Amino acid sequence: MVGTVITAHVLKQKGYDLYLFPMNSNALRQLCYVTPRSQENPTEVQRLLSPVRAKEIGEYIKEETSLLPNAIVVSLTQEVKISPTGNDKQVVIQFPSEKGKYAYVLDGQHRLAGFEYSDGIEFDLPVVALHNVDDHLRGKVFADINSKQVKVTDVQLLELYYQIRELPSEEAATMDVVHRLAKDADSPMNNKIKVLDDDKGCWVTNRHMKMCLGPHTESGGTIYGKNPATQAHIIKEFLKGVAKVWPEAWGNNSDYMLTRAMGIEIIMSIFGAAKHRCDLNEGRQYTAETFQRQLAPLKECNIEIPGGGKIPLTWARGPFGPLSNKAGKVLIQKQLVNFLRHADEEK
């Protein structure tokens with residue numbers, strides 16, 4: 001039986017020959033194999049396959065503009081024949097058959113497995129191959145690939161997806177608000193939201209701010225349906241009101257938690273309750289002054305902590321620091337919302 005035959009380009013690195021060639025994803029899967037490192041095979045190099053990750057990649061492959069430009073890296077077994085051509089930069093690679101365990105996957109097993117969940121979509125992939133190398137080199141290549149790569153930051157990824165318009169429409173609109181808060185001169189968070197990796201002196205990241213705003217700006221939110229400019233204006237006035245209520249805690253003061261990620265998350269969680277009070281008591285006027293008046297009851301608020309005791313809502317780092325975990329933030333959020341609601345009832 002005549003096996004798969006391909007022409008490959010020769011790459012020379014540190015005295016080794018590497019072979020670069022394209023291959024259809026379906027044909028490549030028929031030739032590749034993985035033996036994960038496990039109790040049964042403790043000397044192997046590859047990790048266990050994650051079906052969840054493979055399914056995620058399968059969904060990505062089905063997207064209209066999805067591309068997989070990174071090379072699949074494999075180690076060809078000795079059964080695979082490498083023959084020279086008249087060109088010293090090219091060789092012919094011959095596999096014994098069209099199916100079999102002839103190419104051990106060093107990098108890209110989840111990309112290959114993703115095609116099992118792509119609803120039949122297949123396309124060409126770049127492949128870089130080593131041939132008949134020992135276990136030491138095979139293990140070193142795997143370890144180097146997985147230890148030397150630096151993951152792109154969440155800040156940069158979110159900005160890129162926003163820039164190329166790949167975010168869902170509601171999330172993109174929320175990012176419009178994030179950018180207005182970060183860049184507009186009249187914003188109390190001007191230059192305080194990290195939107196570039198080299199931004200300094202910021203209080204929160206773009207991702208964290210988007211998470212804080214989404215419940216209010218997207219479906220079901222208190223200002224959903226308004227355009228991003230209007231949403232940003234209302235949020236700016238709310239934050240100006242917050243700064244007026246707690247002027248000593250607002251700003252680059254390390255003694256307070258209000259303008260740290262924890263404080264921004266908590267204060268934005270009560271935006272809906274504050275806006276509701278403006279609707280009831282301020283004729284739907286959303287200014288720094290109206291928000292200041294409707295947030296004023298919180299100035300006298302005390303947070304009840306587990307195990308007994310209370311701490312005043314001063315945002316001082318000492319007492320609030322231990323409550324910066326998820327449970328602590330939820331505890332504070334619920335009490336502040338309830339305090340504002342009771343203030344409405346008393347009126």
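Residues numbered from 1 in each chain as written. Predicted model: local features only at pLDDT ≥ 70, side-chain atom pairs only at ≥ 80, totals over all residues. Heavy atoms only, no water.

**Examining the overall build of the chain**
Consideration 1: For the chain, the count of helices and strands is 13 helices and twelve strands.
Consideration 2: Relative to the 2.2 N^0.38 estimate, which gives 20 Å for 347 residues, the radius of gyration of the chain is 29 Å and therefore markedly larger than a compact globule would have.
Consideration 3: Oriented by its inertia axes, the alpha-carbon framework of the chain measures out at about 90 × 45 × 35 Å.
Consideration 4: By residue count, 45% of the 347 residues in the chain fall in the buried class.
Consideration 5: A separation threshold of at least 6 residues defines the contact pool for the chain, and within that pool the share at least 24 residues apart is 68%.
Consideration 6: Of the roughly 18800 Å² of accessible surface on the chain, a fraction of 50% belongs to carbon and sulfur atoms. (Helix = DSSP H or I, 4+ residues; strand = E, 2+ residues; numbered from the N terminus. Rg over C-alpha atoms; globule rule 2.2 N^0.38 Å. Buried < 20%, exposed > 50% of the residue type's maximum accessible area, 1.4 Å probe, protein only. Contact = heavy atoms within 4.5 Å. Areas by Shrake-Rupley, 256 points an atom, 1.4 Å probe, with all protein chains shown as cover.)

**Some words on the sheet that holds strand β7 (residues 103–107)**
What holds strands together in a sheet is hydrogen bonding between their backbones, with the strands either parallel or antiparallel.
Consideration 1: What the eight strands build is an open sheet, ordered β3-β7-β4-β8-β2-β1-β6-β5; its pairing is mixed. Sheet topology places β3 (32–33) and β5 (81–84) at the edges, where each strand pairs with a single neighbour.
Consideration 2: Summarising the sheet, β5 and strand β6 (residues 90–94) pair through four bridges and their orientation is antiparallel. Counterpart to Ser 83 in the pairing with β6 is Val 92.
Consideration 3: Lying on the sheet, helix α4 (residues 135–148) is in contact with β2 (16–24), β3, β4 (72–76), β7 and β8 (124–131); it crosses β7 at an angle near 30°. (Pairing = 2+ DSSP bridges. Axes fitted to C-alpha atoms, helices over the stretch in contact; angles between N-to-C directions.)

**A look at the packing of aromatic side chains**
Consideration 1: Under the criterion given, the structure shown has nine aromatic pairs.
Consideration 2: Relative to Tyr 102, the ring of Phe 95 lies with its centre 6.5 Å away and its plane at 50°, an arrangement referred to as tilted.
Consideration 3: Relative to Phe 291, the ring of Tyr 286 has its centre 6.2 Å away and its plane inclined at 25°; by these criteria the two rings are stacked. The residues Tyr 286 and Phe 291 share a single accessibility class, namely buried.
Consideration 4: Grouped by ring-pair contacts, the aromatic residues Phe 238, Phe 271, Tyr 286 and Phe 291 constitute a single cluster. (Phe/Tyr/Trp six-rings, centres within 6.5 Å; stacked < 30°, edge-to-face > 60°.)

**Digging into the nonpolar core**
Consideration 1: With 55 residues, the main nonpolar core has Met 209, Phe 238, Trp 246, Ile 267, Met 268 and Trp 315 as its most contacted residues.
Consideration 2: Where this core is concerned, the elements lending two or more residues are α6 (169–183), α7 (206–217), α8 (228–245), α9 (261–269), α10 (271–281), α11 (288–295) and α13 (326–346).
Consideration 3: Residue contributions to this core peak at eight residues, all from α8.
Consideration 4: Grouped together as the second largest cluster of nonpolar side chains are 27 residues, Leu 68, Val 91, Val 105 and Val 127 included. (Core = buried A, V, L, I, M, F, W, Y, C linked by side-chain atoms within 4.5 Å.)

**Brief notes about α10**
Consideration 1: For α10, the buried fraction is high: eight of the eleven residues fall into the buried class.
Consideration 2: Gly 283 sits one or two residues past α10 and shows a positive phi near 60°.

**Details of α8**
Structurally, the α-helix is built with 3.6 residues per turn, so residues lying three or four positions apart point the same way.
Consideration 1: The terminal C-alpha atoms of α8, which comprises 18 residues, lie 26 Å apart, in line with the 26 Å expected from a rise of 1.5 Å per residue.
Consideration 2: Contacts from the buried residues of α8 go to α6, α7, α9, α10 and α11.
Consideration 3: For α8, the capping residue at the N-terminal end is Asn 227, with a side-chain oxygen 3.1 Å from the backbone nitrogen of Ala 229. (Expected span 1.5 Å × (residues − 1). Polar contact = N/O pair within 3.5 Å; in protein donor to acceptor, adjacent residues only side chain to side chain.)

**Focus: the packing of helix α5 (residues 154–163) against α6**
Consideration 1: Contact pair α5 / α6: the axes reach a minimum separation of 10 Å and the direction vectors enclose 115°. Looking at the two axes, α5 sits roughly perpendicular to α6. Taken as a pair, α5 and α6 cross one another with a handedness that is left-handed. Across from Leu 158, Glu 159 and Tyr 162 in α5, the residues of α6 making contact are Ala 172, Met 175, Asp 176 and His 179.
Consideration 2: Considered class by class, the residues forming the contact of α5 with α6 number four nonpolar, one polar and two charged. (Parallel < 35°, antiparallel > 145°, perpendicular 65-115°, else oblique. Left-handed = near helix turned anticlockwise from the far one by under 90°. Nonpolar A, V, L, I, M, F, W, Y, C, P; charged D, E, K, R; others polar.)

**A closer look at the side chain of Gln 333**
Consideration 1: Among the secondary structure elements, Gln 333 is positioned in helix α13.
Consideration 2: Residue classification places Gln 333 among the buried positions, given a relative accessible area of 17%.
Consideration 3: Ignoring anything within four residues of it in the chain, the contact list for Gln 333 reads Glu 265, Ile 266, Ser 269 and Ile 270.

Just geometry here; none of it tells us what the structure is for.
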